[in-house]
Amino acid sequence: MNSPPQTRSMWLPGGAASVDAQGRPVLVGGECRACHTRMFPKTTVCCACMSEDVADAPLPSEGTLYSFTQVHVGPAQWNKPLVVGYVDLPDGVRLFSHLRNSAALAIGGPVHLTLGQVGTSAEGEAITTFMFAAGEQPQ
Amino acid sequence: MSTAYVIGIGMVPFGKFPQRTVVDLAWPAVKAAITDSGIDPRKIEAAFCGTTFGGMMTGQRVLGHIGLSGIPVTNIENACSSSSTALRQAVTAVRAGQHDVVLVLGVEKLTKFGGGVLPLELEDWDVSQGMMMPALYAMRAQRYMHDYELTPEQLAGVSVKNRKNGALNPDAQMREPVTVEQVLASRPVADPFTLLQCCPTGDGAAALLVASEKVAAQLGNRAIKVLASDLTSGRYTPGYRDMTIPEITVRGAHEAYEEAGLGPDEIDVAEVHDAFSIAELLYYEAFGFCGRGEAGRMISEGETAIGGRIPVNPSGGLLAKGHPIGATGAAQAVEIVRQLRGEAGARQVESARIGLSHATGGGITGFDHGACAIHIFARA
C-alpha cells in the first residue's frame, strides 16, 4: 500500500484509511484475534475483551447507509453544507463518515468508499479523507 | 436505606450573560436554594457541583465566594447529565446516612465560546471526523422518519409546545411563542432540523438542597420525596445500533420505575432532555408514555401539553428554557419540585403528585449517549 497524496493537504484519517496500488481507497479496521470483534478504527486494545492482540483488518468498501444528514453549521474547517452519515458494513461494523452530496443518497441504499476533500485547515491545507458515495462500487 | 428529600430549590433565569463570571452566575442560585429551604447554611455538610466547561474547582470557587467553605466539595463532569449526576450523588450520600444536608449545584457558561455548536472532545474519533450534536440528533430524526410515521409539522410541534410553555416561565431563555410555520421557516441547521428545533446556547445555574428524613420532618410538609435516583452510562458497540431507540434512556427508565415502584401511567409531569425536537419524541416512547411509533400522534393530539394526559417539559424544556449543559439536570429537578409543590404559576400542571426528570447526553463514538440520569419525585 502506498501513502496517500502528500500535496499541501492534511490526511484526516491517519492510519485508518489508505490508498492501494491502483489508487483505490482502503479502510483499515481492526479484528481482535481473541474474540474476533471487528472495529473501526483499529485500536490497540479490544473494546469487547481487553485483548491487546488486535490485527489490521481491511474493511469492505461497500455498505448500506443507515442514516445521514446535511449539516449547515459547525467548526470552520468543514466545507458547508457537509453531509455525514452512518454506514453499516456487511461485516458488522458501523462507521461515521463524510458522504459525497447527492440526491441519490438514501437511507437503506448502497454506498461505496471513495476519497474527497471535506474542508480546509486553519493553515490552509486541503483536508482530505475517506468518504462514501451513493451507489455500488464502480467496476 | 433511608429516604432523601429535596428541601430547597433555586435557579437563575437562563440566558446569555457573557459579562458574568461562572461564580456570579452560580452563587445566586445557591443562595436562593438555601433561602427557600429556610435552613441554616452551616448545616450543609457536603456539596456536589455539576459543570462541563466551568473550569477547575468550580464548586469551591462558587461556594467559597459566599462563605460555604471547609466542607467536602466534589466537582462532576458528565456532559449534559453533570448536575443530574451531582443530584444522584447527593441523594446517594443522604440515603446512605453519610450526610443529613447536601447541596447540589449545576452551572454553565456557554457564551464563553462565542456561539456555534457545542464544542465536543476532539480526541474522540467521530468528533475528529466531523461529528457534532446537531448531526447526531438529526440522524436519529432522519431514521425515525424513515421507519415510522412522523411529519415535519409534528416534529416542529415539539418546539411550538415548548416555546408556548417557556413563554409562561420567567426563568426561560426563549419567552416568545412560535408557530409551526415559523419553526419550519427558520434557517436550516441539520436536516430535518431548523434553528427553532435546536436548543439555544446560553448560561445559567440551578441548585437544590437534599436532606434526610430527620431534617425534612423539621421543615413541615413542603419537602419533596425522592422516589428514584438512577444513573447509567451508554453501552459501547463498534457495530449496529437502532438509533430510533435511545437504549440508555430505555434502560434508565426501567431502572428508575423499578426503584420507585411505579410505572409510566403514574407520572403526572415530566421534564425530559429535548436538546433537539426529535429527542422529546424518542423519550415519550422510551419512558412508555406511548407505544413505539406513536410519538408523532402524541404531540399532535396535545397529550403532552399542559392540561394534556401527561404534560412534558412544562418549563419550556431545553428548547425554550435553554440548555447551559451543566445546569440543565438541576434546573429540570427544580421545575419538577415547583410543579409538585404547586408553585409553577401560569404553567402549573393540575394536581401534579409524581414527577420525573431526565438528563442525558455526551456525543461520543460508539454510544447512544455517554450518560443518563433519571429522577422520580413525589409530593410527601
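Structure first, text after, so check above.
*Asks:* A description of the overall build of chain B should follow, citing residues and the corresponding values.
*Replies:* The number of helices and strands found in chain B is 13 helices and 11 strands. What you see for chain B is a C-alpha radius of gyration of 19 Å, in line with the 21 Å of a compact globule of 380 residues. Judged by the C-alpha coordinates and their principal axes, chain B covers about 55 × 40 × 40 Å. Taking all 380 residues of chain B together, the buried fraction comes to 63%. Intrachain contacts of chain B at a sequence separation of at least 6 include 78% that bridge at least 24 residues. With an accessible surface of roughly 13300 Å², chain B has 53% of that area assigned to carbon and sulfur atoms.

*Asks:* Please provide a residue-by-residue account of the overall build of chain A, values included.
*Replies:* If you tally the helices and strands in chain A, you get zero helices and 10 strands. In sequence order, chain A lays out its α and β elements as β-β-β-β-β-β-β-β-β-β. Taken against the 2.2 N^0.38 rule, which gives 14 Å for 139 residues, the C-alpha radius of gyration of chain A at 15 Å falls within 12% of a compact globule. Over its C-alpha atoms, taken along the principal directions, chain A stretches across nearly 40 × 35 × 30 Å.

*Asks:* How would you sum up the nonpolar core? Please name residues and give values.
*Replies:* Residues and elements named next belong to chain B. Ranked by size, the top nonpolar core spans 68 residues in total, and within it Ile267, Ile278, Phe289 and Ile376 carry the most contacts. The element contributing the most residues to this core is helix H5 (residues 133-147), with eight residues. Among all residues touching Ile278, those that are not within four sequence positions of it are Tyr137, Arg140, Ala141, Tyr144, Leu150, Leu155 and Phe193. In this structure, Ala46, Val91, Ile224 and Ala327 belong to the second largest nonpolar core, which totals 32 residues.

*Asks:* Lay out the packing of H5(B) against helix H10 (residues 277-286) of chain B with the relevant residues and their values.
*Replies:* Residue and element names in this part refer to chain B. Packing of H5 against H10 leaves a shortest axis separation of 9 Å and a crossing angle of 60 degrees. Relative to H10, the element H5 lies oblique. The chirality of how H5 crosses H10 is left-handed. Taken together, the residues of H10 that come into contact with H5 (itself represented by Tyr137, Arg140, Ala141 and Tyr144) are Ile278, Ala279, Leu282, Tyr283 and Glu285. Of the residues in the contact of H5 with H10, the class split is seven nonpolar, no polar and two charged.

*Asks:* An account of the interface of chain B and chain A is needed here, citing residue identities and associated values.
*Replies:* At the interface, 30 residues of chain B touch 37 residues of chain A. The junction of chain B with chain A conceals about 2600 Å² of combined surface from both sides, 62% of it contributed by carbon and sulfur atoms. Of all residues in chain B, Trp125(B), Gln129(B) and Tyr240(B) give up the largest surface area on contact with chain A, accounting jointly for 26% of the area buried on that side. Put simply, chain B and chain A have zero salt bridges between them. Counting across the interface, chain B meets chain A through 13 residue pairs in polar contact (both at pLDDT 80 or more). Going through the elements one at a time, helix H4 (125-128), H5 and strand S5 (188-190) of chain B are the ones with two or more residues in the side of chain B that touches chain A. Here the side of chain B that touches chain A is composed, by residue class, of 17 nonpolar, seven polar and six charged.

So, how was this worked out
- Residues numbered from 1 in each chain as written.
- Chains lettered and ligands numbered in written order.
- Predicted model: local features only at pLDDT ≥ 70, side-chain atom pairs only at ≥ 80, totals over all residues.
- Heavy atoms only, no water.
- Helix = DSSP H or I, 4+ residues; strand = E, 2+ residues; numbered from the N terminus.
- Rg over C-alpha atoms; globule rule 2.2 N^0.38 Å.
- Buried < 20%, exposed > 50% of the residue type's maximum accessible area, 1.4 Å probe, protein only.
- Contact = heavy atoms within 4.5 Å.
- Areas by Shrake-Rupley, 256 points an atom, 1.4 Å probe, with all protein chains shown as cover.
- Core = buried A, V, L, I, M, F, W, Y, C linked by side-chain atoms within 4.5 Å.
- Axes fitted to C-alpha atoms, helices over the stretch in contact; angles between N-to-C directions.
- Parallel < 35°, antiparallel > 145°, perpendicular 65-115°, else oblique.
- Left-handed = near helix turned anticlockwise from the far one by under 90°.
- Nonpolar A, V, L, I, M, F, W, Y, C, P; charged D, E, K, R; others polar.
- Buried area = accessible area lost by both parts, 1.4 Å probe.
- Salt bridge = Lys/Arg side-chain N within 4 Å of Asp/Glu carboxyl O.
- Polar contact = N/O pair within 3.5 Å; in protein donor to acceptor, adjacent residues only side chain to side chain.

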